[in-house]
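Descriptive structure summary
Spelled out from the first residue to the last, the chains are:
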Amino acid sequence: MATAKSTKGNNGTSNSDQKESSSSILKGIYMGVRLVFGFLFVRHFLWRAYDIRLHAIREYGTIIHEFDPWFNYRATEYLYLNGWQAFKTWFDYKVWYPLGRPVGTTIYPGMQVTAVFIKKFLRPSMSLNDVCCYMPAWFGSIATFLTGMLAYECSHSTGRGYYSNLEVLVATMAFMSIVPAHLMRSIGGGYDNESIAVTAMVLTFYLWCRSLRPGKNSYWFSILAGIAYFNMVAAWGGYVFVLNMVALHAGVLVLLGRYSPQLYRSFTLFYIIGTALAIQVPVVGWAPLKSLEQLTAAAVFVGYQLIQLTEIIIHKQRAELAKKGKSMPKNQAWKIRILVFSGAAVTAMTAMYVLASWGYFSPITSRVRGLFVKHTKTGNPLVDSVAEHQPASKSAYYAYLNILCILGPCGFLMLLHRCVKDDRSSFLCLYGIVTYFFSAKMVRLIILAGPVASALGGVAVGRSIGWATAELLPFAKPLAEEETLETSSESKKSKKSKKKKENVDSPSTLSKVLLAVGINPDSTQVAGIKKLIGVAIFGMFFFCVERF
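Please read all numbers here as calculations on a predicted model, not as lab measurements.

Bringing the overall build of the chain into the picture now. Looking only at helices and strands, one finds 27 helices and two strands in the chain. Taken across its 548 residues, the chain has 45% of its residues classed as buried.

Quick look at the structure:
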């Protein structure tokens, strides 16, 4: 009888092992197929992004169109034939006749330098005209991939109980490849600054978010972010937005209580390297340290140094008191912070008063002023007369963003609850809020909303597909240790393992909602409803994808 029980127990264990083994095999097959199809979709959307931008070239040939691209090509030709030193001092007497124009000190030369570099070192067999015609399509494809990487980074491991990172990457690239907000400035032959500037902007944002990923050496990516920012500065005057966007994110993270040594190192390296390189661009000069619209970033940088100084002082005092067997009084740390910041504020106000009296600071430009006053009252007739400086309408948003007007807010809500827990998710949400505000003030700035709308739309679609797949295919769900790897890595080393486990095992947001209304999230009825919703998601996806 005992032998029979033992045999029965062994059979139960054997059946359980067989089920786990088959589940592991199915999971391995699923992950392999998922990666293969992910690679194929990435390749497909990169090609789609490139192919759709060649429409004008296929239709009319390698011809540069519009006025500004022709001027940019003429400047590129001069740089190619005469070199950098001659370009910096070039005074073009044929434009703005009879006044002429000192081109070298009034142009953002990044696009011209990039075109000449490609012509000389990468595509010497192509004519300079052809290089300039194809550049918008090349960089449009690169921007598509980088936007997908930005969405991947900012939504990394935000899903609980399903895989969605690869799906988010692919969905974001699908949107960014054809979103009109970016497409309008990256068509073949449209050799304008924005065609490469958007790529540089998204690269800067991706590297900044990558530097915030939990990890011992992640902050070194902020050095690359500073170099990418230099590329942005050299390419387009919109670099001011990039600088203030990163600085705003760094400031908001402090307010959210997310300040850490890694964040300090990341922002400090980014600002020092980026600013040091930016002042090398002739048209920019010392503007990062003089222009009022860029001093906010400088203020955040100084604030970070003061925070770090107070942390060092507090740490030393605690160590000294610990040696004596004492502990620091409860409010002593805040007293130190208030003392340091009060002294710095008085010093800064005195310095600003003296510098302002000397005329050191540059005024806010007319275009930036137009974001906060009515577009017909900036005081600059040239700015006031341009139609694209008018506020954006609802029809303009739908024309340039299409279905992303609906999916973008959905992705925003999916990431919103993670903002206080994850530094990268908060960036994408903040980016969406800021771009919506400024694009509503000036319709031309919808171009800045293209990447973030694609990223948030990709988060909505990618996470929905990931969730639906996990509900319909049980073996598609990650293991517990895989699911919570990111959460564990974000936990501070000083926390006890028990506390980590409690944080890891906490239920998902959906489970919390169901429990709050008295429904068991693990019941068979709920499981059935989830499967029906999963089927509906796939049905809607296949119905809409062809139309999209």
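On to helix 13 (residues 261-278), then. Here helix 13 is 18 residues long and its end C-alpha atoms lie 25 Å apart, about the 26 Å a rise of 1.5 Å per residue gives. What helix 13 keeps buried is the set Gln 262, Leu 263, Tyr 264, Ser 266, Phe 267, Thr 268, Phe 270, Tyr 271, Gly 274, Thr 275 and Ala 278.

Met 135, Met 201, Phe 205, Leu 428 and Tyr 431 are the most contacted members of the largest nonpolar core, which has 109 residues in total. Counting residues per element, this core draws most heavily on helix 7 (residues 128-154), which supplies 14 residues. Ignoring any residue separated from it by four or fewer positions in sequence, one finds Phe 205 in contact with Leu 150, Phe 241, Val 242, Met 245, Val 246, Phe 427 and Tyr 431.

Opposite charge on two side chains makes pairing possible when the charged atoms of those side chains draw close. Inspection of the entire model under this criterion finds 11 salt bridges. Residue Glu 153 pairs with Arg 213 through a salt bridge whose shortest N-O separation is 2.6 Å. In this pair, Glu 153 is assigned in helix 7 and Arg 213 in the loop between helix 10 (194-211) and helix 11 (221-235), connecting sequence segments 60 residues apart. Arg 185 is the partner of Asp 192 in a salt bridge, and the nearest nitrogen-oxygen pair spans 3.7 Å. Residue Asp 192 is classed as buried on the basis of its relative accessible area, which comes to 10%. Here the salt bridges do not stand alone but share partners, grouping Glu 153, Arg 213, Asp 422 and Arg 424 into one network.

In this section: a nonpolar patch on the surface. On the surface, Ile 25, Leu 26, Ile 29, Val 33, Val 36, Phe 37, Phe 39, Leu 40 and Phe 41 cluster together into a nonpolar patch covering about 860 Å² of accessible area. With respect to the element layout, Ile 29 can be found in helix 1 (residues 2-52).

Below, the discussion takes up the environment of Tyr 397. Turning to its location among the elements, Tyr 397 is positioned in helix 19 (residues 394-401). Under the relative-accessibility criterion, Tyr 397 is labelled buried at 12%. Separated by 49 residues in the primary sequence, Tyr 397 and Ile 446 have C-alpha atoms spaced 7.6 Å apart. At 3.4 Å, the side chain of Tyr 397 forms a polar contact with the backbone oxygen of Tyr 436.

Turning our attention to the packing of aromatic side chains. In this structure the tally under the stated criterion is 26 aromatic pairs. Taken together, a centroid distance of 5.1 Å and an interplanar angle of 75° make the contact between Phe 437 and Phe 438 edge-to-face. Using a relative accessible area of 39% as the deciding quantity, one classes Phe 437 as partly exposed. Here a set of aromatic residues connected by ring pairs shows up, and it is made of Tyr 108, Trp 208, Tyr 229, Tyr 239, Tyr 259, Phe 267, Phe 270, Tyr 271, Phe 301 and Tyr 304. Taking the ring centre of Tyr 219 as reference, the NZ or CZ of Arg 265 above it sits at 5.2 Å. It is Arg 337 that lies over the ring of Trp 334; its NZ or CZ is 4.8 Å from the centre.

Now for unusual backbone geometry. Cis peptide bonds are those with omega within 30 degrees of zero, and the linkage from Tyr 97 to Pro 98 qualifies with 5°. If you trace the backbone, Pro 98 turns up in the loop between strand 1 (91-92) and strand 2 (101-102). Despite not being glycine, Glu 66 shows a phi value in the positive range, around 75°. As for its position among the elements, Glu 66 is in the loop between helix 2 (55-60) and helix 3 (67-82). The phi dihedral of Trp 96 is positive, around 50°, even though this residue is not glycine. Assignment of secondary structure puts Trp 96 in the loop between strand 1 and strand 2.

So, on to the state of the cysteines. What the rule picks out here adds up to zero disulfides. Summary of cysteine pairing: Cys 133 is not part of a disulfide, and the nearest cysteine sulfur, belonging to Cys 132, is at 7.1 Å. On the accessibility criterion, Cys 133 (0% relative accessible area) is buried.

Definitions and limits used
Residues numbered from 1 in each chain as written. Predicted model: local features only at pLDDT ≥ 70, side-chain atom pairs only at ≥ 80, totals over all residues. Heavy atoms only, no water. Helix = DSSP H or I, 4+ residues; strand = E, 2+ residues; numbered from the N terminus. Buried < 20%, exposed > 50% of the residue type's maximum accessible area, 1.4 Å probe, protein only. Expected span 1.5 Å × (residues − 1). Core = buried A, V, L, I, M, F, W, Y, C linked by side-chain atoms within 4.5 Å. Contact = heavy atoms within 4.5 Å. Salt bridge = Lys/Arg side-chain N within 4 Å of Asp/Glu carboxyl O. Patch = residues over 30% accessible without salt bridge, like charges linked within 9 Å, V, L, I, M, F, W, Y side chains within 5 Å. Areas by Shrake-Rupley, 256 points an atom, 1.4 Å probe, with all protein chains shown as cover. Polar contact = N/O pair within 3.5 Å; in protein donor to acceptor, adjacent residues only side chain to side chain. Phe/Tyr/Trp six-rings, centres within 6.5 Å; stacked < 30°, edge-to-face > 60°. Lys NZ or Arg CZ within 6 Å of the ring centre and 35° of its normal. Disulfide = S-S within 2.5 Å.

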